[in-house]
Amino acid sequence: MLTLGFLIYRANHNLYIEDAKNSVESVLSLTQELISHEKQLALSIALILSQNEALKMGYVKNDRKHLFETLQHEIPKLKAYLHIENLEVQLHTKDAKAYVRSWDFEDYGDDLSTFRKGIALLQQTKTPLVAIELGKRLNIKALCPIFDKNEFIGSLEIIISFDEVAQKLSAKKINFVILMDKALLDIGEWMKELPQIDGYVIVSNSCPTGCVNSFISIVSTPLMQQGFARSNGALFGFTPLFDIEAKQVGYIGIWFGESLLKESLLLRASLAPRAAPLHVKTLEPAIQSSATQEVLIR
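Okay, so let's go over this structure. Since this is a predicted model, take the numbers as computed values, not measurements. (Residues numbered from 1 in each chain as written. Predicted model: local features only at pLDDT ≥ 70, side-chain atom pairs only at ≥ 80, totals over all residues. Heavy atoms only, no water.)

## Things to note about the sheet that holds strand β11 (residues 248-257)
Sheet architecture is open: six strands sit in the order β7-β8-β6-β11-β10-β9, paired in antiparallel fashion. Bordering the open sheet on either side are β7 (196-197) and β9 (228-231), each of which pairs with just one other strand. Pairing of β7 with strand β8 (residues 200-203) involves two bridges; the strand directions are antiparallel. Each residue of the ladder has a partner; that of glutamine 196, found in β8, is valine 201. (Pairing = 2+ DSSP bridges. Helix = DSSP H or I, 4+ residues; strand = E, 2+ residues; numbered from the N terminus.)

Below, the structure written as structure tokens:
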């Protein structure tokens with residue numbers, strides 16, 4: 001009887017772990033879907049603003065003040081219409097220097113081509129693109145060339161943080177963080193004050209101090225490499241995060257209470273099918289002026 005009871009327990013335990021792993025995988029798929037959605041949103045905004053006549057006029061007249069005021073006028077409208085809280089815009093000169101930043105009028109002139117891979121690629125191809133990219137921060141960046149009468153006059157960049165993804169997951173009782181390789185802080189200088197764990201920087205403004213502390217006490221690099229863990233009544237899942245060159249820059253991390261498994265049918269009903277890996281390159285058509293161009297999504 002004891003042997004039979006033990007075998008039944010082991011069988012039930014194995015079924016539970018399998019169910020837990022499937023649930024974690026579903027949540028990671030949802031997370032990738034949400035990140036993909038934010039990429040598409042950023043790209044759409046970039047394509048729209050690149051056709052803004054007031055911005056083109058500012059470029060032609062070399063009027064930074066006019067460009068800054070135009071951004072301050074357009075960004076609140078975009079936020080209200082799209083129901084997003086975090087949106088920044090950066091304008092570049094045609095030789096890839098910082099021209100106007102929506103968050104700081106006085107800061108400009110940096111040569112971005114030396115460390116911004118996306119901007120260097122746009123300079124070569126003159127093609128819109130969107131990717132998770134490292135600059136002074138790690139976030140979603142959509143880039144689009146600006147043309148005036150078929151002449152390339154500059155480019156613009158839409159920057160969206162991961163906080164929108166975190167808020168959507170939080171509504172489902174799911175915690176979310178991005179863990180960036182600490183070695184990248186030489187470039188991502190604005191993230192040096194963020195919490196760190198085992199060689200990684202926790203990139204998330206939506207994870208409160210208590211959340212970060214509990215996360216740090218559990219997570220390690222070997223655990224992230226395994227992709228799944230169960231600890232202290234919570235289930236953890238991790239998947240690699242890739243940049244614009246398909247190089248791994250860190251991990252996507254999610255975790256939630258095991259009590260959610262009791263709602264697994266409801267949980268799974270709300271999750272989208274598995275998304276394509278974030279580092280897969282896809283090409284989609286985009287309309288610029290009257291010609292058809294390719295859009296690069298990475």
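Once the structure has been displayed, the description carries forward.
## Remarks on the pairing of strand β2 (residues 98-101)
Note that strand β1 (residues 88-93) and β2 share three bridges and pair antiparallel. Bridge pairing in β2 places glutamine 90 opposite arginine 101. The antiparallel pairing of β1 with β2 creates a hairpin that spans four residues between the two strands, and alanine 96 there sits at a positive phi of about 70°.

## A look at the packing of aromatic side chains
As enumerated under the stated definition, the model contains six aromatic pairs in all. Here the basic side chain of lysine 126 rests over the ring of phenylalanine 152, its NZ or CZ set 4.8 Å away from the ring centre. Over the ring of tryptophan 103 we find arginine 137, and its NZ or CZ is 5.6 Å from the ring centre. (Phe/Tyr/Trp six-rings, centres within 6.5 Å; stacked < 30°, edge-to-face > 60°. Lys NZ or Arg CZ within 6 Å of the ring centre and 35° of its normal.)

## Observations regarding the nonpolar core
Residues Leu91, Leu138, Leu156, Ile158 and Phe176 are the most contacted members of the largest nonpolar core, which totals 60 residues. At 14 residues, the largest contribution of residues to this core is made by helix α1 (residues 2-49). Contacts of isoleucine 158, omitting those with residues within four sequence positions, involve Ala42, Ile45, Ala46, Leu49, Leu87, Glu88, Val89, Ile140, Lys141 and Ala142. Counting 17 residues, the second-largest nonpolar core is a separate cluster that includes Phe215, Ile218, Ala229 and Tyr251. (Core = buried A, V, L, I, M, F, W, Y, C linked by side-chain atoms within 4.5 Å. Buried < 20%, exposed > 50% of the residue type's maximum accessible area, 1.4 Å probe, protein only. Contact = heavy atoms within 4.5 Å.)

## Regarding unusual backbone geometry
One non-glycine residue, histidine 83, adopts positive backbone phi at about 60°. Relative to the assigned elements, histidine 83 resides in the loop between α3 (64-82) and β1. Backbone geometry places alanine 96, a non-glycine residue, at a positive phi of 70°. Relative to the helices and strands, alanine 96 is located in the loop between β1 and β2.

## A few points about the pairing of strand β5 (residues 151-160)
Extensive coverage of β5 is indicated by the burial of nine of its ten residues. Pairing between β1 and β5: six bridges, direction antiparallel. From the neighbouring strand, threonine 93 faces β5, where its bridge partner is glycine 154. Two strands pair when backbone bridges link them, and strand β4 (residues 138-148) and β5 are joined in this way by nine bridges, in the antiparallel orientation. Counterpart to leucine 143 in the pairing with β5 is glutamate 157.

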